[in-house]
Amino acid sequence: MFTAYKYSFPELILFPPIGFNEERLRERLKGKTILITGASFGIGESLAYKLANTGVHLILVARTAEKLNSIKNKIEKQGGYVSVFPADLSKPAEVAALLPIIHQLPGGVDIVVNNAGKSIRRSINDSLDRQHDFTRTMAINYFGPVQLLLSLIPVLEKNKGHVINISSVSVLLAPAPYWAAYQASKSAFDNWFRCTSPELNATGVSTTSIYLPLVKTRMIAPTAKYQKMPAMNPDHVAAIICRAIINKRRKYAPWWLVFGQLASVIFRYPWEALNTYWLKKKLMDQKQLS
Ligand SMILES: NC(=O)c1ccc[n+]([C@@H]2O[C@H](COP(=O)([O-])OP(=O)(O)OC[C@H]3O[C@@H](n4cnc5c(N)ncnc54)[C@H](OP(=O)(O)O)[C@@H]3O)[C@@H](O)[C@H]2O)c1
């Protein structure tokens, strides 16, 4: 299945469309249960719709109950099978309340898509009285999925299941100013997942890390400069996840990421110097204006 997205020319080059075999996806998901966190908006919502006709039991989790219910209604009208569990995955008590419900399912869960996430872009000087920015990004981007998976690993091992982590290209590139909270928390989980992956693989659980560039969702909406930058369509990301479900590849990353990683090593010091120069100039401009 190939979908044409309304991409600009640079977007077509950076994010070439990929397809997947719908029949193979249906075969792979027949009689299975998939848990998607962060399924109420953006990538998670697109994935839920993509899986609507596959016969899989979809378990959708996020905080916004009305949105989850509206997605459930739409998918069930197409013949899909959906359960929704509104929960704040940054709160250990709410994760703990969700887990017995999943464990009580007759077959447990076969695939977990760790997608729920929160992004914050803020300078360190604007964060001095905002310790909560760092605790809340760690809570949802790191501790939430760790708590969820620690409980689900035994059932995933029993089912020879699959865990798919929705990560960001930024965790593999040189760190950028203003992103301390988000990038530290996404890197923390990416590292946790990469450390545990060989252990999980050895017990028959497949693992996939998906490293994404900018994606046009509400996550990037508050950042004005991102609106003009090349960004993927969330439906395109959903297709990548469907392909990963079929081929169980360990990693997806855009083709150009390797060049970015090389440049991050070779040009580390010029990059840091450039950032310092740019930030100093910005501070001076601000002083002149005030
Ligand atoms: N957009 C990008 O440019 C981009 C780039 C790289 C990686 N990613 C990653 O892609 C994933 C999905 O992001 P998106 O772009 O689709 O953003 P989004 O549209 O904002 O969706 C985020 C999802 O996570 C859920 N969520 C947030 N906090 C939660 C919490 N405390 N408990 C439970 N669910 C929570 C949200 O639902 P509720 O608000 O209803 O809870 C929503 O369904 C994230 O992990 C993000 O880091 C995004």
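Coordinates for the structure precede this section.
Reference entry: report on the structure contained in this document. All residue numbers refer to positions counted from 1 along the written sequence of the respective chain. Only residues with pLDDT of at least 70 get local features here, since the model is predicted, and only at 80 or more are side-chain atom pairs given and counted; chain-wide, interface and lining totals rely on the full set of residues. Side-chain metrics rest on all non-hydrogen atoms present in the structure, leaving aside hydrogens and water.

## So, the overall build of the protein
In DSSP terms, a helix is any run of H or I states spanning at least four residues, a strand is any run of E spanning at least two, and both are numbered starting from the N terminus. Across its full length, the protein holds 10 helices and 7 strands. Throughout, the radius of gyration refers to the C-alpha atoms, and the reference size of a globule is 2.2 Å times the residue count to the power 0.38. Against the 2.2 N^0.38 benchmark of 19 Å for 290 residues, the protein shows a C-alpha radius of gyration of 20 Å, consistent with a compact globule. Two residues qualify as a contact provided that any one of their heavy atoms is within 4.5 Å of a heavy atom in the partner residue. Long-range contacts, defined here as pairs at least 24 residues apart, represent 72% of the contacts in the protein between residues at least 6 apart. About 15,000 Å² of surface is accessible on the protein, with carbon and sulfur atoms providing 60% of the total. For this count, His and the chain ends are skipped, Lys and Arg are scored as positive, and Asp and Glu as negative. By convention, the point assigned to a charge is CZ for Arg, NZ for Lys, CD for Glu and CG for Asp. Counting 36 positive and 19 negative side-chain charges, the protein places the centres of these two groups 4 Å from one another. Residue burial considers only the protein chains on display, and all accessible areas are found by Shrake-Rupley using a 1.4 Å probe.

## Here's the deal with the nonpolar core
For the purposes of this section, nonpolar cores are sets of buried Ala, Val, Leu, Ile, Met, Phe, Trp, Tyr and Cys residues that join through side-chain atoms within 4.5 Å. A 1.4 Å probe rolled over the protein chains alone gives each residue an accessible area, and that area as a share of the maximum for its type sets the label: buried under 20%, exposed over 50%, partly exposed in between. By size, the foremost hydrophobic cluster in this structure holds 42 residues, and its most contacted members are Leu51 and Leu60. In terms of residue count, the dominant contributor to this core is helix H8 (residues 234-247) (9 residues). Apart from residues lying up to four places away in sequence, Leu51 is in contact with Leu25, Leu29, Ile34, Ile36, Val56, Leu58, Cys242 and Ile245. Among the nonpolar cores identified, the runner-up in size contains 29 residues, and Val95, Val109, Leu149 and Leu200 belong to it.

## Topic: the site of the ligand
Near is defined per residue: the residue qualifies when any heavy atom it owns lies within 4 Å of the molecule or strand. Residues in contact with the ligand amount to 30 residues; listed here are only the nearest, Arg63, Thr64, Asp88, Tyr182 and Thr217. In this structure, Lys186 approaches the ligand through a side-chain N or O atom, which is 2.8 Å from an oxygen atom. Out of a free accessible area of 880 Å², the ligand has 96% covered by protein chains. Contributing elements (two or more residues each) for the shell around the ligand: helix H3 (42-50), strand S5 (162-168) and helix H7 (180-202). Looking at the shell around the ligand, the element that brings in the most residues is S5, giving 3 residues. For this analysis, a polar contact is any N or O atom pair within 3.5 Å, provided that within protein one partner can donate a hydrogen and the other can accept it, and provided that sequence-adjacent residues contribute only side-chain to side-chain pairs.

## Quick word on the side chain of Ser206
Within the fold, Ser206 resides in strand S6 (residues 206-212). If sequence neighbours within four positions are ignored, Ser206 has contacts with Gly161, His162, Val163, Asn201 and Lys248.

## Some words on the sheet that holds strand S3 (residues 81-86)
Pairing between two strands requires that DSSP report at least two bridges joining them. Pairing in this open sheet of 7 strands is parallel, and the strands run S3-S2-S1-S4-S5-S6-S7 from one edge to the other. Every interior strand has two partners, whereas the edge strands, S3 and strand S7 (251-252), have only one. Pairing between strand S1 (residues 33-37) and strand S4 (residues 111-114): 3 bridges, direction parallel. Opposite Ile34, over in S4, you have Ile111 as the bridge partner. Where helices are involved, their axes are fitted lines through C-alpha atoms of the stretch in contact, as for all axes, and angles between N-to-C directions lie from 0 to 180°. With respect to the sheet, H8 is in contact with S1, S4, S5, S6 and S7, its orientation differing from that of S5 by roughly 145°.

These results come straight from atomic positions and should not be treated as a statement about function.
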